[in-house]
Structure formats: structure tokens, C-alpha cells
Amino acid sequence: MYYSVLRQPSEPEVHNSSGDKSNGITTIRERIETDFTIPQIRHHEGLPSNGSTGSFDVGKYVTWGIAMRTPVIMVTWAVAGFILSIGHHFYYDRLDGSIAGTSNQQNWALRFGTAFSFLTIALLKASCDAAYKQYIWTLFKRKSYSLDTLDKLFGLTTDIFAFVSWEVASQAKLAVFLALTSWLMALAGITPPATLSVGPGFRNETITTSLPSTNWNAKGFANILGYNGHASSEVRQISSSSAQSMSIIPITPPNGNSTFYTQFYGPTVQCSLANSSQIPIFDEYAFKMWNTSYTMASKAKFEAGLGNNSWNVLANATARISPWYDAPMMNVFSAFSPSLSLFIVQQIFIQTSTDSIVCSMRNASFNVQHEFVNGAQTKAEYTITDSQPFWVPSQSGDFQSLTDPVTNVTPSTDYWRPYYSYMSVFQAFTALLNGNVSTTLMDIVALDNPKGKFLFDGNVTVHTENSKILQHGLSACDDFAHVPWRQSFNATFKDNSASGNFSTISNNLFTKPAFMCRNRTLIHAIEDLANNITISMLSSSNLVSQNAQTVPVTYFTAQNIYLYDAKNLVISYSIAALFTLFVLTIGFLSLKFNGVAHSTSFSAIVATTRNAELDAVSRGHSLGALPAGLQGVRLRFGELVGNGGGMKEGVSVGEGVSASGREGSGHIGFGRVENVVPLRKGGRYW
């Protein structure tokens, strides 16, 4: 039922041509009465009626209960905002690492990101505003506020100047927090669009490419067939460069920005501590070094052409520190290569102040990963598999005169060429180690009293260094840096030293950077050096065969790509989501407290302010301007009593009974605080 206002049709004009004045006056009065006929209210379907006159049903009560529209809107806006924030993340994540394209395409990507951010924050703010509206009605029911404060509370989410009120700040703290959350929600939308940027990057493309591989038949490895002067100058130069940097010499890549694997067989060494059958050889070496006129070999036996000549083993002869001559000396490092039989596994024997190490030559498969960025080698990592002992003749002379022990025939020169290529690399490697490094105490003073006693200051200096090991990175190992001078000296010469036992003996001779010695042990560092030298042979065009292997090469083409900082986007949206959830919780608690879903629309204001008291207060101010005289009027929302509700004063309010004393006739609205009593949720009001 609904009502419409209709005007009665006007009477047709009556013209008096006779000129009778009385009749003319009557006609004008009739027209006035016709034009200002009081409208009639016609009864239609849609609104209640008590009769044919169309009067309203004055006995209708308010309806308690939460309309689903408000909570659905609160949740829908929030969920939509959460979904858009997640969509923003996935959109940027899809772009991350992809080619940025033209400037126009980049601009569109940023525009979409800005749209995601704007809509996300707008929806979260709308959800917070809806929850805030429900909360302020709980304040109106529990407290009274001045008319100026009510205006500010209604506009706190839209008018920044509404915060400038002591009563708002002191009497509505949570409302201020909720409104600030709504205002500051926009800050969460600043960072997310900027988490996508454009920067330099690489596009990956894998193409099968022909690459060179080490050619062990190349004549560049050695000048002649045989041991003497075997390794070529190029092999020695590559070995020396690799040793000085303790790294792999870069090869020529197929592209300045690429990564690929190469696989080949080559010589390597495997090192371990000497076994019981090898220890006597070290003992003999040490004995001859300190007790005879034996000259320390600066070359390995096979390199010096000594063939099968072997030493007579002198068992149990040890000399880690020299006998007492002019000054005590410590053998820090020695390397030599004894030969024991016709076909042997070539070895290099290494003695330090504390350990005896044997490294044996082997043949192994190298699998090397190369990586280049802007033409510079950034990675050269390798793994070794299928490692087998490498047997070679031990005698001097030309390989071509030897007989294969398996086939018992004399092969051609080409048959032996890979052998002496391997041996050239091994000789270049051992040439970096062979020889001796010993240290001695300096500034020794012989005393007359007591006779035969000596005084030392405890400083160490190099005595002998006919090994090249001090020229490269192996001297960074602890075997050099922490020579046990103090223990050995005090144990050997305690009876000759007038200084007594030394608590410290300075040793600052070996100061190479620690990274040059892997795991800080000489055993691993020697193996690294041998492998680095073998792999470095790929860097020489004279030692490789071009297009010898076909491998997949990943090329990195420099291009502008999208770079996505997911962390900052997630943090920004997560903070906004947490605050939104908090505000929503307050909103739903407010709905439960209120018992209805309130509104701040014009119709809601009209419905809650229609009473005689407010009519009297607002008389003369119907333009809507708020004069200073009304700002201090204190109002509260509840059941109107006394003059506020147009009832008689002094009537008590009971459950289901209005302030007028008549059941179901109480009126709800804003009124002066003295004329308002609290609402009873579920009570009957009109």
C-alpha cells in the first residue's frame, strides 16, 4: 500500500458578460477555492491503513533485528579488497623476470598495479567506514554529547577537521582510532604499486653449441718425446698462472653472458698421508738433508732423468728439525719424486714439519660448469669421477722406443703422445712444488759463560727456499702458517738454550690470503692446484680441438626486465588487512549491541530527530546552518520521556511499557539528555 497526493481538477472558467459585480465576485471566490482545494490522500497498496480515509497506523512498533544488508556489505567490501590484494601480488609475480617491453607496455603494467592498489584500499576503507557507522550508534545510546560533537562524530571519516575536538578525543577514543584507521588506510596503497620496477636483466635461452675440448694429441704440450725438458713453455706458463691465483684460468666463452658444462678426461692427483711402506723414504730424505752433503733435488727424479735409480732406505732416521750447527733449522716443506719400477704410477712425496704426504697421478673424468657475466668468468666449478691410476714408464729416453707391457709391441709415436701430454702437465705441476723450504732462528748469540750455551730472540727467518711453493697460494695453508717451532725447539735443544723454554716463537713469514688454501689443509690444496692446472689447459687454443664436443649452452641476453619486490607489497597489504579485520570485529560487536543495523542516511536522521523538543530547539534554524548558540546543546539517543517525547513527566518506564505509561507507545529518537532514558533492546517502541 502507498499513498499519493492528488489535486482535484479545476472548474472551468465562468465569464460574466453582463457586468454584474456580485456575480463577478462570486466567480473569483469560486476559482480561489477551487485552486487551493486541500489534497486528499488516496489509499494504495503498500502502506497500512485503518480505513477509507487513508490515515496511518499509529499503533505500529519498531522492528528489532539486524538486516543482512549491512553485515553483508561490510564483509563483501573487505573480502573483495583481500582478493584484489592477492590478485595484485599474482599479477606482479607473473611479470617478475619477464621482458619489460616498450615504455608504453611498462606504463600499462604500472597503471594496472596502481588500479589494483587503489581499488584494494578503497574497498577496505569502505568496509571500515561501514563498521564505524555501527559503532558510533553505541556511543549515542550510552553517552550524551553536545550537538557539535555529534556533528563531528557523524563526519569523522570524511572531515579531517572533525578530529579537532577535545570532547571527541576524550569521550570517543575508540571512534577516533577507527576513523584514523579509515583515513590512514590510504598509506597502505602507496608502496604496492612501486614494488614493480624495471631493471637490467638477462633472458635465458638454451642452444646446443659446438665447443672446444682438450686435445691430448696436440704437439703444443711438449717439444720432444721423452722426459727431459718435457713440458712446453706454454704448459708451464698456464700452470704458473693458475698456481699464483689458485684458480682456473678463464677460457674463451661462446658468449659473454652464458653458462655451460664441459666434460673431458685429464690428469689429476690423489693425496693421502704416507703409509708404513712409504715412511722410510721420507726418513731417508730427511737424514740425508741434515746429515750428509747430499744436495736437495730441485727437480723430480723423472724430470731430472734419473730413471730407476732409487735410494737405499735407512729405517727410523728422522729429522724434523736440524742438528745443532750454526743455528737450529726447521724443515717446513719438501717435495721430491722417487722412481721405483719400469711402469709406475707417478708420485710426488711431500714432507712438512708435521706430516708426510704422498700424491699419486691419476686419470679422471672432469665435469666443469662454466659461467660468464659480461665476459668475466664468475664460476668454474667441477666434479671428478671415474678416477683411475695412471701408469707411465719411469725410465728416461724417448717413449717411442718403449714396449707396451700388455701387447708386448712397440707402438707408434702417436700412441704415446697422450702419455707425454699427461706427463707434461704433471711435470709442470710438480715443478711448482719440488724443492725445499726451511726456516731458522735468527740473532743467535753464543755465550762464554756458561760455555756451549746459546741465546735466541725467538724470531724466525727463511733459511732455504729452492721450491717455488712460496710464489703461489699453497703457502697460505696452516702447514706453513702454524709451524710448530716452539714444541720442536724446546724438545730438541732445551739443554743448549740459555734462554730456557720458549712460550712463543714468532712466525710471520707466510701471509697469503686464507681462501687460497681450501679447508686450510695442504692435502686438499695440492689436489685443487693439480685440477685447476688441468682445466686451465682449455684456455689455450694450441692445446684444444675446436668443435670437439656439442653441449647445451644457456645464453643470457641483456634486456630490461620487470623486478618485483614481493616482500614490501605483502607487508603493506598485510598491515591494512589486519587493521581492517580489527575494525570489522568492532563493527560486528556493535551490531550485536545495537540489535539493529543503523544508518547515517538522511532518512535515518529524519526518523530519529522527529519530536517536539528538537522542533523547538531548531526553530529559526531550518536553513541547516549550525549557529554557535546550538553547539552546546547536549543530546542522547534513546527513549524520549517527559517533554522530549510529548508525554507527561514522572511516568515510569517498564519492560514493554513506554514512557507514556501506555504499552507500545514509547518514542525513540535524539533528545535532550534529561529527557532520554536508555533503550531496552527488543522493547516495543514506535
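From a predicted model like this one, the values you see are computed outputs, not experimental measurements.

**Q** What exactly am I supposed to notice about the overall build of the chain here?
**A** For the chain, the helix and strand inventory stands at 17 helices and 19 strands. Scored against the burial criterion, the 686 residues of the chain give a buried share of 44%. For the chain, the accessible area works out to roughly 34,800 Å², and carbon and sulfur atoms hold 56% of it.

**Q** Would you explain the environment of N257 in this entry?
**A** If you trace the backbone, N257 turns up in the loop between α8 (233-245) and β5 (258-273). Between the C-alpha atoms of N257 and N374, which are 117 residues apart in sequence, the distance is 5.5 Å. Setting aside chain neighbours within four positions, we find N257 in contact with F202, F372, V373, N374, T554, Y555 and F556. Within polar-contact distance, the side chain of N257 engages the backbone nitrogen of N374 at 2.5 Å.

**Q** Looking at this structure, I do not really get the state of the cysteines. What am I missing?
**A** Here, disulfide denotes a covalent bond that connects the sulfur atoms of two cysteines. Scanning the model with the defined rule gives 2 disulfides in all. The side chain of C271 participates in a disulfide bridge whose partner is C359; the two sulfur atoms lie 1.9 Å from each other. Residues C271 and C359 are joined through a disulfide that is right-handed, its torsion about the S-S bond being 110 degrees. Of the two residues, C271 sits in strand β5 while C359 sits in strand β9 (residues 356-373), which places them 88 residues apart along the sequence.

**Q** What am I meant to see in the nonpolar core here?
**A** Nonpolar side chains in soluble globular proteins generally cluster together in the buried interior. Among the nonpolar cores identified, the biggest contains 50 residues, and Y132, F140, L153 and L156 are the most heavily contacted of them. Those elements that provide at least two residues to this core are α2 (69-95), α3 (103-142), α4 (147-154), α6 (173-184), β16 (544-564), α15 (566-594), β17 (634-640) and β18 (667-672). Among the elements that take part in this core, α3 stands out by supplying 12 residues, more than any other.

**Q** Could you clarify how one ought to interpret the packing of aromatic side chains in this entry?
**A** Pairs of aromatic rings are described using the distance from one ring centre to the other and the angle between the two planes. According to the stated counting rule, one finds 22 aromatic pairs in the structure shown. Note on Y91 and Y92: the rings are 5.8 Å apart at their centroids and 35 degrees apart in plane angle, and the pair reads as tilted. Taken individually, Y91 and Y92 each receive the classification buried, so the pair is uniform in this respect. Consider the rings of F637 and F670, whose centres lie 5.2 Å apart with planes at 55 degrees: the pair is tilted. With a gap of 33 residues between them, F637 in strand β17 and F670 in strand β18 connect regions that are remote in the sequence.

**Q** What is the right way to read the pairing of β16 from this model?
**A** For a regular strand, the rule is simple: side chains alternate between the two faces of the sheet. Relative to β16, strand β4 (residues 196-214) runs antiparallel, the two being bridged by 18 bridges. Among the inter-strand pairings, N204 is bridged to a residue of β16, identified as F556. As paired elements, β5 and β16 share 2 bridges and run antiparallel to each other. Across the sheet, the residue bridging to T259 is T554, located in β16.

**Q** Where do I start with the packing of α3 against α4 in this structure?
**A** A pair of packed helices can be characterised by two numbers: the angle between their axes and the separation between those axes. For the pair α3 and α4, interaxial distance at closest approach is 10 Å and the crossing angle is 160 degrees. Regarding the angle of α3 to α4, the classification is roughly antiparallel. Judged by the sense of rotation from one axis to the other, the crossing of α3 with α4 is right-handed. Contacts between α3 and α4 pair Y132, I136, W137 and F140 from the former with L150, L153 and F154 from the latter.

**Q** Got a minute to help me understand a nonpolar patch on the surface in this structure?
**A** On the surface, a nonpolar cluster with roughly 820 Å² of combined accessible area is contributed by I160, F161, V164, L180, W183, L184, L187 and I190. If you trace the backbone, I160 turns up in the loop between α4 and α5 (166-171). A relative accessible area of 42% means that I160 is categorised as partly exposed.

**Q** Could you clarify how one ought to interpret the packing of α3 against α15 in this entry?
**A** Remark: α3 packs on α15, axes separated minimally by 8 Å, with the N-to-C direction vectors making an angle of 30 degrees. Of the possible angle classes, the one that applies to α3 and α15 is roughly parallel. As α3 packs across α15, the resulting crossing turns out to be left-handed. Of the residues belonging to the contact of α3 with α15, the class tally is 14 nonpolar, 9 polar and 2 charged.

**Q** What is the right way to look at the pairing of β9 in this model?
**A** Most of β9 is tucked away: 14 of the 18 residues are buried. As paired elements, β5 and β9 share 16 bridges and run antiparallel to each other. Across the sheet, the residue bridging to T262 is V368, located in β9. Summarising the sheet, strand β8 (residues 347-352) and β9 pair through 5 bridges and their orientation is antiparallel. Bridged to Q347 within β9 is S360. Between β8 and β9, which pair antiparallel and follow one another directly, the connecting turn spans 3 residues. Where β9 meets strand β10 (residues 376-389), 11 bridges bridge the pair, whose relative direction is antiparallel.

**Q** How should I be thinking about the confidence of the model for the chain in this particular structure?
**A** One rule of thumb: low pLDDT means the predicted coordinates there are not for detailed reading. For the chain, the mean per-residue pLDDT works out to 75, and 68% of the residues sit at or above 70. Residue range residues 297-325 is modelled with pLDDT below 50. Its contacts to residues more than four positions away, or to other chains, number 89 contacts.

**Q** Before we go on, may I ask you to explain the pattern of salt bridges in this structure?
**A** Close approach of charged atoms allows side chains of opposite charge to pair. Applying the stated criterion to the full structure yields 3 salt bridges. As a salt-bridge pair, K152 and D148 come within 3.1 Å of each other at their nearest N and O atoms. Residue K152 and its partner D148 are located together in helix α4, separated by 4 residues, close to a single helical turn. We note that K152, like D148, is buried. Note that R634 and E167 form a salt bridge whose closest N and O atoms lie 3.0 Å from each other. Residue R634 is found in strand β17, and its partner E167 is found in helix α5; the two are separated by 467 residues along the sequence. You can call R634 partly exposed: its relative accessible area is 35%.

**Q** How should the side chain of K141 be read in this particular structure?
**A** Its place among the elements puts K141 in helix α3. For K141, which is buried and forms no salt bridge, the nearest opposite charge comes from E639, at a distance of 13 Å. Within the local environment of K141, its side chain forms a polar contact with the backbone oxygen of N594, the two atoms lying 3.3 Å apart.

**Q** How do you make sense of the environment of I136 when you look at a structure like this?
**A** Locating I136 in the fold gives a position in helix α3. Taking relative accessible area as the criterion, I136 reaches 0% and is therefore assigned buried. Along the backbone, I136 and H598 are 462 residues apart, and their C-alpha atoms lie at a distance of 9.5 Å. Setting aside its immediate chain neighbours within four residues, I136 contacts L153, F154 and T600.

**Q** How do you make sense of the environment of K141 when you look at a structure like this?
**A** Judged by relative accessible area, which is 11%, K141 ranks as buried. Non-local contacts of K141, meaning those with residues more than four positions away in its chain, are made with F593, N594, H598, R636, F637 and L679.

**Q** Just to check I follow, could you spell out α8 for this structure?
**A** Owing to its 3.6 residues per turn, the α-helix brings residues three or four apart onto one side. Here α8 is 13 residues long and its end C-alpha atoms lie 19 Å apart, about the 18 Å a rise of 1.5 Å per residue gives. Listed as buried for α8 are V235, I238, S239, S242 and A243. Buried residues of α8 fall within an arc of 130 degrees about the axis and therefore sit on the same side. Summarising the geometry of α8, the exposed residues directed more than 90 degrees from the buried face are S233 and Q237.

Cut-offs applied
Residues numbered from 1 in each chain as written. Predicted model: local features only at pLDDT ≥ 70, side-chain atom pairs only at ≥ 80, totals over all residues. Heavy atoms only, no water. Helix = DSSP H or I, 4+ residues; strand = E, 2+ residues; numbered from the N terminus. Buried < 20%, exposed > 50% of the residue type's maximum accessible area, 1.4 Å probe, protein only. Areas by Shrake-Rupley, 256 points an atom, 1.4 Å probe, with all protein chains shown as cover. Contact = heavy atoms within 4.5 Å. Polar contact = N/O pair within 3.5 Å; in protein donor to acceptor, adjacent residues only side chain to side chain. Disulfide = S-S within 2.5 Å. Core = buried A, V, L, I, M, F, W, Y, C linked by side-chain atoms within 4.5 Å. Phe/Tyr/Trp six-rings, centres within 6.5 Å; stacked < 30°, edge-to-face > 60°. Pairing = 2+ DSSP bridges. Axes fitted to C-alpha atoms, helices over the stretch in contact; angles between N-to-C directions. Parallel < 35°, antiparallel > 145°, perpendicular 65-115°, else oblique. Left-handed = near helix turned anticlockwise from the far one by under 90°. Patch = residues over 30% accessible without salt bridge, like charges linked within 9 Å, V, L, I, M, F, W, Y side chains within 5 Å. Salt bridge = Lys/Arg side-chain N within 4 Å of Asp/Glu carboxyl O. Nonpolar A, V, L, I, M, F, W, Y, C, P; charged D, E, K, R; others polar. pLDDT = per-residue confidence, 0-100. Lys, Arg positive; Asp, Glu negative; His and termini not counted. Expected span 1.5 Å × (residues − 1). Arc of directions from axis to C-beta.

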